Amino acid sequence: KITNLQSELNKLKQQGISTPQQQASASNEPKQRSMKSGYKTPEGRIQEILKVARRKDLEVIKGRWGELLDLLKRQNKVSHAALLNDSEPVAASETAFVLKFKFEIHCKMVAENNNNVRTNLEQILQEITGKSLEMVGVPEHDWVKIREDFLRNQKDQDETQQDVEEDPIIAEAIKLVGNDLIE
């Protein structure tokens, strides 16, 4: 029996054991409730919109968002308004805008145009803004990541551009052969 206990003790020393404190701290971590609805966020399209996004385009949409929700309710499209209630325009260009949704399932339903929600939304926006705009939906948790990646890439590009502008040899080479041939 003693030999068995010693071999078991050695095995536990090698593999390690979790103490009650470790188990307690693991159970105290907040668990995120995620309903995976199968929605695939169009990150590439969102990046394209962000590259040409302008604050004034976003402000036009945000400024008319309440009016859009009211029009939906007046059209007896209360279910459409409910889907869009926890959404927020977060980026816009001349031709498209990114709409952030609190819940992924709402994003999926609007993006898949269930009950013509997206079509109706785009038509109303065209009526009140005078512009034909494509809506691109993004769940809130994906938006945070996409936005951070975009900002990081912009910062890297800006720093690279500054490095090129600061080096007179590189600046002269760009003048002679063009920016496309310089790496």
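Residues numbered from 1 in each chain as written. Predicted model: local features only at pLDDT ≥ 70, side-chain atom pairs only at ≥ 80, totals over all residues. Heavy atoms only, no water.

### Re the overall build of the protein chain
Then comes step 1: When helices and strands are counted, the protein chain shows 9 helices and 3 strands.
Then comes step 2: Helices and strands appear in the protein chain in the N-to-C order α-α-α-α-α-β-β-α-α-β-α-α.
Then comes step 3: In the protein chain, which comprises 183 residues, the share counted as buried stands at 29%.
Then comes step 4: Here the analysis covers contacts within the protein chain between residues at least 6 apart in sequence; of these, 71% occur between residues at least 24 apart.
Then comes step 5: Summed over its atoms, the accessible surface of the protein chain is roughly 13000 Å², and 48% of this surface lies on carbon and sulfur atoms. (Helix = DSSP H or I, 4+ residues; strand = E, 2+ residues; numbered from the N terminus. Buried < 20%, exposed > 50% of the residue type's maximum accessible area, 1.4 Å probe, protein only. Contact = heavy atoms within 4.5 Å. Areas by Shrake-Rupley, 256 points an atom, 1.4 Å probe, with all protein chains shown as cover.)

### Some details on the side chain of Asp57
Then comes step 1: Topologically, Asp57 is positioned in helix α4 (residues 55-74).
Then comes step 2: For Asp57, the side chain forms a polar contact with the side chain of Lys131, separated by 3.1 Å. (Polar contact = N/O pair within 3.5 Å; in protein donor to acceptor, adjacent residues only side chain to side chain.)

### With respect to unusual backbone geometry
Then comes step 1: Despite not being glycine, Asn116 shows a phi value in the positive range, around 60°.
Then comes step 2: Relative to the helices and strands, Asn116 resides in the loop between α6 (104-111) and α7 (117-129).

### A few points about the environment of Ala111
Then comes step 1: When you line up the elements, Ala111 lands in helix α6.
Then comes step 2: Considering only alpha carbons, one finds Ala111 and Val136, 25 residues apart in sequence, at a separation of 7.1 Å.
Then comes step 3: Once residues within four sequence positions are removed from consideration, Ala111 is found in contact with Tyr39, Arg118 and Met135.

### Points about the pattern of salt bridges
Then comes step 1: Per the stated rule, a full pass over the model turns up 13 salt bridges.
Then comes step 2: With a shortest N-O distance of 3.7 Å, Lys100 and Glu140 are connected by a salt bridge. Of the two residues, Lys100 sits in strand β2 (residues 96-101) while Glu140 sits in helix α8 (residues 140-166), which places them 40 residues apart along the sequence.
Then comes step 3: By relative accessible area, Glu140 is classed as partly exposed at 33%.
Then comes step 4: Glu122 is the salt-bridge partner of Arg118, the closest N and O atoms lying 3.5 Å from each other. You can see Arg118 and its partner Glu122 sitting in helix α7, 4 residues apart, about one turn around the helix.
Then comes step 5: For Arg118, a relative accessible area of 27% corresponds to the partly exposed category.
Then comes step 6: Ionic contacts of the salt-bridge type, sharing partners, join the residues Glu43, Lys145, Asp149 and Arg152 into one network. (Salt bridge = Lys/Arg side-chain N within 4 Å of Asp/Glu carboxyl O.)

### Brief notes about the environment of Glu134
Then comes step 1: Inspection of the secondary structure assignment puts Glu134 in strand β3 (residues 134-139).
Then comes step 2: Counting along the chain gives 11 residues from Glu134 to Gln123, while the straight-line C-alpha distance between them is 9.9 Å.
Then comes step 3: Residues in contact with Glu134, not counting those within four places in the same chain, are Arg45, Thr95, Ala96, Phe97 and Glu122.
Then comes step 4: At 2.6 Å, the side chain of Glu134 forms a polar contact with the side chain of Arg45.

### Brief notes about the confidence of the model for the protein chain
Then comes step 1: Taken over all residues, the pLDDT of the protein chain has a mean of 79, while the share at 70 or more is 72%.
Then comes step 2: Considering each helix and strand of the protein chain separately, the mean pLDDT is smallest for helix α2 (residues 20-28), with a value of 48, and largest for β2, with 94. (pLDDT = per-residue confidence, 0-100.)

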